[in-house]
Amino acid sequence: MKNYLEKEEWCVVENGLHAEYNKISESISSLGNGRLGCRGNFEEKFNGPSLQGSYIAGIYYPDKTKVGWWKNGYPENFAKVLNSVNWVGIDIWVNEIDFELNPNQIIEFYAELNMREGILRRKTVAELPDGKKIEILSERFYSMKTKDRCFLKYSVKPLNFTGEITLAPYLDFDVKNQDSNYDESFWEHLAEGENDKMFFVQSKTKKTDFMVTAGMRNRFTLNDEEIENPSLVSNTAFVSAPLKIKVNEGERFSVEKYCSICSSFYYDKESLIEECKSQLEESLSNGYEKAKNSHIAVWQNIWNDCDINIQGDIAAQQAIRFNIFQLYQTYNGDDARLNIGPKGFTGEKYGGVTYWDTEAYCLPFYLATADQKVSKNLLRYRFNHLPKAIENAEKLGFNSGAALYPMVTMTGEECHNEWEITFEEIHRNAAIAHAIHNYTNYTGDKSYLAEYGLEVLIAIARFWRQRANWSAEKQKFVILGVTGPNEYENNVNNNWYTNYAACWCLQYCIDSLQLVKETFPDHYNKVIAKTNFETTHEPKRWKELMDGMYFPFDEKRQIFLQQDGFLDKSLMRAKDIPHEEYPIHQNWSWDRILRSCFIKQADVLQGLYFFEEHFDKETIERNFNFYEPLTVHESSLSPCIHSILACAIGNHEKAYELYMRTARLDLEDLNNDTKDGLHITSMAGTWMSLVQGFGGMRVRNDLLHFDPFIPENWASYSFKVKFRGSSIKVIVTQSEVSIINLSEQKIEIILKGESKTIYPQEVKSIA
Ligand code: BGC
């Protein structure tokens, strides 16, 4: 746990440089706009730990798989989002001395990530070896308004001398991914130079042939007076615009750096240079402040819809905003080709690819805070990948239109290459089906099922039917050789969650077939024909499987067993593991972890969360009380689900503890890995913990339900949700709950079990 960042309502502040944690700070101060993003690297050279990273959504490279022992069925490639052009760089020379930010020479340092505005600011005062002092101010943002554009303002002031200072803003495309499997560069450099006042670099990805052009224009000033533009200095994949001037003591030498980064993901290759040029021309003529104001205005709208206000607990307040902020920087849903990488634009780990995290964790957040088309785009991403999921299942020996969605993907092809996950963590299929249910249940939009969802559900149901086998010994169907969500167990038989989720998928598919048949007969006929669906035979075989499925259960404790034989383990409590051995995946051998009883993340409990309505409170409580103490929460996806369930069973102390753990995971580096990037997908879990956990929000029988609880140390909290064309605000204090209807239509909700009709702009409160 690291506690070096200051807690403010709207900002994350590092006061005084903590160089040893710099990679953590870089992750935390990452900026992005859904299309572009980068880590909070310093503009100038830095003599300390740093991971340079800037990324472009959708631009990936299929890195050749590297494994110790090849197994048939492994994917050939791992698609990775690429580290791309470094646009933030600015070199400084002070009287011909190449300046480098040296932690030992920093007298003053203040960095502020302003989440309300989406801006990163920094003030640094440094002393050079010869005693000269300079003050540096910097500010940057990725425009949320014009998505290919990023802006930076940077200045230097000599504090105790007069001298010659050079500012050299540059673009550097000579970058590599640290996680390259064969230490290759993924980019082929094409050109650099000047075109009509724009300095640019242009590269394309090897194999995938994506082309990217980054252009830069600069506006230099001395004490706010504009000064001449410098000429170009270039090198392979590098362009710089150095300007050297004499600066008197106390004067401020500044540059506004305007950049556009355009890719062939959005534009014709031939037009990239012209596109960058015209964007930059416009940016420059509008000026920095105008771009900044329109960017801030977009953030204002986002916050207006999805801010969560917590009074009385600054750590919780800062954290929830940080989570929401990072989610909207990563994905804002205007393109069904894009998805949400677990680390967003904040690091290389997980390669920017899509996991089940999107469906299981992120979808509820976007359903309730964004326009419906955003969550629909997330679902359509998987619909578009259905042919590949069928192909993927075929590679593994399945047939007749069965689909196994990849564990990790960019284009629909599987990228993961650890057999115990690639082949065995098949529960991801269920999360994708569950997301369709979630969307339909939340939005009431059944047409999605007819147009897209049903086809996906049929392919998933077919997979489950083929993946299970009849056990003559048990006289039951079993699912063997799987990895459940708890990845600290591999190759287990009858993972309760997987078996349960499989049956749920089959039933949901049967119900959906019926619904679509009755409500959208034309679509029904099309889907039946397209999938060659055997309307009698297939559902019959699915029902056999559901009726005969085996579920491991412990009669004595009346709990579901995570898998066959789970109780043979020596049962210990996670809290008895010595502190210094955490996280165990960094300190224990894999062998020891696999044999231990310790659980990485919700597994049985993930099922109780997804299918809560099927279980009574006592069942949830018994299972929670058995499994949570064994859980080390070493997946970022873990504490949030536990916090929600803890709320559901009234264990408020635990709910709060786990809420803070999910909310401040990165701000305090709780899993000791924030340096690699932020845990973006679990941030949606933080939102769920607050809204579904503390707020008790559920959708049942087409109505929103709330059953709020408020932690003792909070004075109040409030959040807004969108629901079927309505928008409401929920305010919870220690004494009452109020719901405000912000929309033009009346809405009926269930508050603490009581039905309430709330008219437009009306407030209903309950003690
Ligand atoms: C978790 C997976 C998750 C992945 C990406 C792993 O540590 O165990 O459930 O999908 O991280 O977030």
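Please read all numbers here as calculations on a predicted model, not as lab measurements.

Draft legend 1. Examining the nonpolar core more closely. Core analysis: the biggest nonpolar cluster contains 244 residues, and Tyr 366, Phe 706 and Val 721 have the highest contact counts within it. Here this core gets 14 residues from one element, more than from any other, and that element is helix H11 (residues 496-519). With residues near it in sequence (within four places) discarded, Phe 706 still touches Gly 695, Gly 696, Met 697, Phe 719, Val 721, Ile 728, Val 730, Ile 739, Ile 749, Ile 750, Leu 751 and Lys 752. Within the second largest apolar cluster, 15 residues are counted, among which are Phe 200, Leu 272, Cys 276 and Leu 280.

Draft legend 2. Structural detail: the pattern of salt bridges. Using the criterion set out here, one finds 58 salt bridges in the structure. Asp 209 serves as the salt-bridge partner of Lys 269, at 3.3 Å between the closest nitrogen and oxygen. With Lys 269 in the loop between strand E24 (253-263) and helix H2 (272-286) and Asp 209 in the loop between strand E18 (198-205) and strand E19 (211-222), this residue pair connects regions lying 60 residues apart in the sequence. Accessibility expressed as a relative area gives 31% for Lys 269, which makes it partly exposed. Judged by its relative accessible area of 31%, Asp 209 is partly exposed. A single network of salt bridges, built from pairs that share partners, joins Glu 112, Glu 117, Arg 121, Glu 139, Lys 153, Glu 289 and Lys 292.

Draft legend 3. Inspection of the sheet that holds strand E25 (residues 309-311) at higher detail. As summarised here, the arrangement of the five strands in space is E25-E32-E33-E34-E37, forming an open sheet in which the pairing is antiparallel. Only two strands of the sheet have a single neighbouring strand rather than two, namely E25 and strand E37 (763-766). Taken over all neighbouring pairs, the strand axes of this sheet differ in orientation by 15 degrees on average, direction set aside. In this structure, strand E32 (residues 716-723) lies alongside strand E33 (residues 726-733), joined through eight bridges in antiparallel fashion.

Draft legend 4. Spatial organisation of the pairing of E19. Counting buried positions over the 12 residues of E19 gives 11, a clear majority of the element. Here six bridges tie E18 to E19, and the two strands are oriented antiparallel to one another. Directly across from Val 201, in E19, lies its bridge partner Ala 214. In this antiparallel pair of consecutive strands, E18 and E19, the connection spans five residues, and Lys 207 shows a positive phi of 65 degrees. Two elements, E19 and strand E20 (residues 225-227), share three bridges in a ladder whose sense is antiparallel. Looking at the pairing, Leu 222 lines up with Glu 225 of E20. Where E19 folds back onto E20 in an antiparallel hairpin, the turn is made up of two residues, including Asn 223, whose phi is positive at roughly 50 degrees.

The rules we used
- Residues numbered from 1 in each chain as written.
- Predicted model: local features only at pLDDT ≥ 70, side-chain atom pairs only at ≥ 80, totals over all residues.
- Heavy atoms only, no water.
- Core = buried A, V, L, I, M, F, W, Y, C linked by side-chain atoms within 4.5 Å.
- Buried < 20%, exposed > 50% of the residue type's maximum accessible area, 1.4 Å probe, protein only.
- Helix = DSSP H or I, 4+ residues; strand = E, 2+ residues; numbered from the N terminus.
- Contact = heavy atoms within 4.5 Å.
- Salt bridge = Lys/Arg side-chain N within 4 Å of Asp/Glu carboxyl O.
- Pairing = 2+ DSSP bridges.
- Axes fitted to C-alpha atoms, helices over the stretch in contact; angles between N-to-C directions.

None of the figures reported here should be taken as evidence of function without further support.
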